[in-house]
Amino acid sequence: MFKRMSSIFSAVAVVVSLFPLHAGVSYAAGPTTPTGLAVTCTTNLCNVNVTAVAGATGYNVYRSSSSGGVFSKVNTTLNPSSSYTDVGLTASTTFYYKVSAVNTGGESALSSAASGTTQLNLGPNVYIVDPSMSTASIQSTADTIFASQETNQFGNQRYALLFKPGTYNNLNIKVGFYTHVAGLGQNPGDVNINGGVNANAKWMNANATLNFWRSIENFTVTPSIGSAQIPSGAMQWAVSQAAPMRRVHVKGSMYLFDFDPSWNAGWGSGGYMADSQVDSFILPASQQQWFNRNNQYSEWKNGVWNMVFVGDATPPAGTFPTKPYTVVDQTPVMREKPYLYIDNTGQYNVFVPDLQTNTKGVSWASAPTPGQAISLNQFYIADPATSNAASINAALSQGKNLLFTPGIYHLNDTIRVTNPNTVVLGLGFATLVPDNGQVALSIADVDGVKVAGLLFEAGSVNSPSLMEVGPTGSSQDHSANPTSLYDLFFGIGGFAPGSADVALKINSNHVIGDDFWIWRADHGAGAGWTTNASKNGLIVNGNNVTMYGLFNEHHEQYQTLWNGNGGRVYFYQSEIPYDVPSQSAWMSKNGTVNGYASYKVADSVTSHEAWGLGVYSFFRDAAAKLESGIEVPNVPGVKIHHMTSVWLSGMAGSEITHVINNLGGNVYANSPTAAMVQTVAEFQGTGLGDTLAPTAPSNLAATAASSSQINLSWGASTDNVGVTSYDIYRNGAKVGSSVTTSYADSGLTPATSYSYTVKANDAAGNSSAASNTANATTPSAGGTQTPLDRSGWTATSNPTSGDVPANLLDGSMSTRWSTGTAMAPGQYFIVDMKSTKNFNQIVMDSTGSNNDYARGYEVYVSNDGTNWGSAVASGTGSTAKITVTFAAQSARYLKVVQTGTVSNWWSVRELNVYN
């Protein structure tokens, strides 16, 4: 028996040796091993192809996550063809494949491995192309995008066209509105486009003054496809503001304008180019102004009004104003813009260049740009269809960086960047819109934040600002690792009706800004003096802030207001507002000076320097005058180099009277040339600044409004520069301040006499003598004031939070209503008393949240909840319990508007109304 079993086992062993019982080894009559395996992938699938094997009836496909790992079969049934699509894969991941052939005789050995990497999922409007795609397919995609975007000035579409490393031949990429074209290599030479990447202005008959919102970066182009007017060997980039060109190598020449059919050169109105190389010449022709930084080219051909070159390797020569050139030899401090790229393993990263000082020429000339790579796995990838402020803030709070894919993001809350070194990067002109009148994006007073490639659009509810860098009062030293901002663009109106007091406010120190266009719309939806209101484009409160390429236009007061010391600006371009309705509506310094200077350095500043400033006027709607386009303190630490005023057009009698500080001639017509263009080459302050104090306030009057409040009013002070505020003194001690000529002093003791004086202040810190003394006595407590029955009353508010408006009326001091965000002008609550009531006093009690009282307030009444008329009372809060007394009213609705600004929330625990 044993011998027989042994012989059986031997026979089985022989059979097994001839026919192995595992996949991947050929049977005697099986097919040959497949060859020619190729893998191509899109976002969530890979196409696997082999050369067909003679005699094979089907194929099995095996996959592994690594080249040396276990390969597992992915097809559940035999695949009948030599092609297979593997679906449901993770984006941005490398997969390895082997294939076997099968017939009735068995299965072949597995082929050699081949790999493919799934593409990054960046949303439907990001097109990632690679050299394996056909030229026709890539061209078709580019043409389709351009057809959609060529004239789409205020459209909602946003696109990014991203090229993987490699060479692309016979492409002619035309770049339209809201289109971002970029290479995905680490260096510009990793992506080579032979043919052309161009922006023309054919849609406006060669006028490129509206060619906004488009960008190109990080590739090499060899211009080989010309046109009737632009020769082969030349690239065309006929653009104006918000159209940056970065890290581009042009192996030829470049034209910065377009020709109309009659060969007339159409205008361009400003552009930005950085860290780029053009092997031959650059021809601006009719381009009015331009900013260049850290570029290299063989020749810069000409200039019109204001062209600034900082850190260029071979800038043009010429003396201002004979030549409109401002040349700064080195870039004093810069961290180049972060960008998306693919490393040698096929993984996506964001490259963050290092901070550098005193640079000249391109950062990648002899070696890769120094810096560090951050894996895209460390980013939250925002999608406009699925992401909101809450999900974005949750990711930021967990330490994630942030990548915005193309689209429009409507926000119901502020996006808050609170961690140092956070990178926020937008693709395809990703657009942030604050829907509730909040700040769209804020940055804490921390080191090293980078924000790049975003468009901010004002919402229909007025925002105090669209972006804030550091909270009010920021004081940290960030010189070793500054926050840096790149290609940030702001639109107030134009896209849709919208308003914001300020577009961008910078409170932190040592911030670097690189290419801003801050635009209050002069055309498009909602463009009008009262419908897209904006006081200032940029306010800088931080010290040692440096700006490169600042375009700031059409705001209703100072375009730029610089309050911090040590500021530096390299290139400034600004049109003052077109739509000033009348001279009387546009007066600065308490109505004593015509217009608001475009570039205003505060009187308190002792050090500031700027290079290449152009201020232009087109007073379309009124014969208005601007006294000086630029206003700065007359102190030795303030230096301004190369200034230009230009009268573009306007009503007869309009003008910019002076270039800077009442110096320089006026511009008022298109001819002669001196009537259109005036320049001042240099300004350096010589005086001690503003030492003149305001006059004393006059006619101070004090009136007891209740047992706990006295209302003050006085006549306005005057000043050689302008009064900024008033300080109020009670019994000799300062108790508050006001920016108006009235003040409500609340929280007083009943049946008590008080004595008051007021002093005026100016921006330089000068204070006036005291006003006359005014006395008043509060009446005894109690009196005849009776709180109204609040049964059935309801309340609403804007903004709202988890502390709901109903808490105002619930009779409990343990609950409260709050804004849930910092106090800003325009916040309000409304109480519906359900029927007409007679009343003359309200009390807002914030006790328990003692610092959350309204810093300023206005009280309105209405009978229909829609028409409110003028305020029946206004004042400034100073204690947790604010009593407001006013003339007797008869109304159903009561509205309280908060008018102050402070980081505290506004909260009220109980509101009572008295008769």
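For the structure itself, look to the data block above.
All of the points below concern the structure found in this document.

Rules of the game
Residues numbered from 1 in each chain as written. Predicted model: local features only at pLDDT ≥ 70, side-chain atom pairs only at ≥ 80, totals over all residues. Heavy atoms only, no water. Disulfide = S-S within 2.5 Å. Buried < 20%, exposed > 50% of the residue type's maximum accessible area, 1.4 Å probe, protein only. Helix = DSSP H or I, 4+ residues; strand = E, 2+ residues; numbered from the N terminus. Contact = heavy atoms within 4.5 Å. Arc of directions from axis to C-beta. Pairing = 2+ DSSP bridges. Axes fitted to C-alpha atoms, helices over the stretch in contact; angles between N-to-C directions. Expected span 1.5 Å × (residues − 1). Salt bridge = Lys/Arg side-chain N within 4 Å of Asp/Glu carboxyl O. Core = buried A, V, L, I, M, F, W, Y, C linked by side-chain atoms within 4.5 Å.

## Observations regarding the state of the cysteines
Argument step 1. Within the structure shown, the criterion is met by 1 disulfide.
Argument step 2. Across the disulfide from Cys-41 sits Cys-46; the S-S distance is 2.0 Å. One quick way to see it: the torsion about the S-S bond of Cys-41 and Cys-46 is about 100 degrees, and its sign makes the bridge right-handed. Neither residue differs from the other here; Cys-41 and Cys-46 are each classed as buried.

## Here's the deal with the environment of Trp-305
Argument step 1. Here Trp-305 lies in the loop between strand E23 (296-300) and strand E24 (306-310).
Argument step 2. In this structure Trp-305 comes out as buried when scored by relative accessible area, which is 11%.
Argument step 3. Considered as a pair, Trp-305 and Thr-85 are 220 residues apart in the sequence and their alpha carbons are 59 Å apart.
Argument step 4. Each residue touching Trp-305, except ones within four places of it in the same chain, is listed here: Gln-288, Gln-289, Pro-324, Tyr-616, Thr-644, Val-646, Leu-648, Met-676 and Val-677.

## Things to note about helix H3 (residues 389-397)
Argument step 1. Every buried residue of H3 is listed here: Ala-389, Ile-392, Asn-393, Ala-395 and Leu-396. All buried residues of H3 lie within an arc of 160 degrees about the axis, which places them on one face of the element. The exposed set on the far side of H3, more than 90 degrees from its buried face, consists of Ala-390 and Ser-397.
Argument step 2. If you follow the buried residues of H3, they end up packed against strand E31 (379-382), strand E32 (401-404), strand E33 (408-411) and strand E34 (415-417).

## Observations concerning the sheet that holds strand E54 (residues 698-706)
Argument step 1. Sheet architecture is open: 3 strands sit in the order E54-E55-E58, paired in antiparallel fashion. Of all strands in the sheet, those with a lone pairing partner are E54 and strand E58 (742-745), marking the two edges. Ignoring strand direction, the axes of neighbouring strands in this sheet form an average angle of 15 degrees.

## As for the sheet that holds strand E36 (residues 441-443)
Argument step 1. The sheet built from 9 strands is open, its strands ordered E34-E36-E38-E40-E42-E44-E48-E50-E52 with parallel pairing. Of all the strands in the sheet, just E34 and strand E52 (655-660) have a single pairing partner and so form its edges. Between one strand axis and the next, the sheet turns through 25 degrees on average, direction left out of account.
Argument step 2. Looking at chain direction, strand E50 (residues 625-631) and E52 are connected through 4 bridges and run parallel. Counterpart to Lys-625 in the pairing with E52 is Glu-655.

## Concerning helix H2 (residues 135-149)
Argument step 1. Counted at 1.5 Å a residue, the expected span for H2 with its 15 residues is 21 Å, and the 21 Å between its end C-alpha atoms agrees.
Argument step 2. Inspection of H2 places Ile-138, Gln-139, Ala-142, Ile-145, Phe-146 and Gln-149 among the buried residues, and these make up the whole buried set. Within H2, the buried residues cover an arc of 130 degrees as seen down the axis, which keeps them to one side. Turned more than 90 degrees away from the buried face of H2, the exposed residues are Ala-136, Thr-144 and Ala-147.

## Re the environment of Gly-689
Argument step 1. For Gly-689, the position within the fold is in the loop between strand E53 (677-684) and E54.
Argument step 2. In this structure the C-alpha to C-alpha distance between Gly-689 and Ala-385, which are 304 residues apart in sequence, comes to 54 Å.
Argument step 3. The residues contacting Gly-689, other than those within four sequence positions of it, are Asn-634 and Val-635.

## Things to note about the pattern of salt bridges
It is possible for side chains of opposite charge to pair when their charged atoms get near one another.
Argument step 1. Overall, the coordinates contain 25 salt bridges when judged by the stated rule.
Argument step 2. Put simply, Asp-258 and Lys-202 hold a salt bridge, and the shortest N to O gap is 3.0 Å. Linking Asp-258 in strand E18 (residues 258-259) with Lys-202 in the loop between strand E13 (191-198) and strand E14 (214-223), this pair joins segments that are 56 residues apart in sequence.
Argument step 3. Here Asp-514 and Arg-293 are joined by a salt bridge, their closest N and O atoms 3.0 Å apart. With Asp-514 in strand E41 (residues 512-520) and Arg-293 in strand E22 (residues 289-293), the pair connects residues that are 221 residues apart, well separated along the chain.
Argument step 4. Given the relative accessible area of 0%, Asp-514 is considered buried.
Argument step 5. Since its relative accessible area comes to 0%, Arg-293 is described here as buried.

## Description of the nonpolar core
For soluble globular proteins, the rule of thumb is that nonpolar side chains tend to be buried together.
Argument step 1. Phe-404, Leu-432, Leu-454, Phe-456, Met-467 and Leu-485 are the most contacted members of the largest nonpolar core, which totals 77 residues.
Argument step 2. With 5 residues, strand E40 (residues 500-506) is the single largest residue contributor to this core.
Argument step 3. With near-sequence residues (within four places) excluded, Leu-432 lies in contact with Phe-404, Tyr-409, Leu-411, Ile-415, Ala-440, Leu-441, Leu-454, Leu-455, Phe-456 and Glu-457.
Argument step 4. By size, the runner-up hydrophobic cluster in this structure holds 49 residues, among which are Ala-242, Tyr-348, Phe-429 and Trp-517.

## A word on unusual backbone geometry
Argument step 1. Note that the residue after Phe-320, namely Pro-321, is joined by a cis bond; omega there is 5 degrees.
Argument step 2. Mapped onto the secondary structure, Pro-321 falls in the loop between E24 and strand E25 (325-328).
Argument step 3. The amide bond that connects Ser-671 to the next residue, Pro-672, takes the cis arrangement and shows omega of -5 degrees.
Argument step 4. Structurally, Pro-672 is set in the loop between E52 and helix H4 (673-676).
Argument step 5. Residue His-554 is not a glycine yet carries a positive backbone phi of 75 degrees.
Argument step 6. Secondary-structure assignment places His-554 in the loop between strand E43 (546-553) and strand E44 (560-562).
Argument step 7. The buried category is assigned to His-554, whose relative accessible area is 2%.
Argument step 8. The backbone phi angle of Asn-590 is positive, close to 55 degrees, even though this residue is not glycine.

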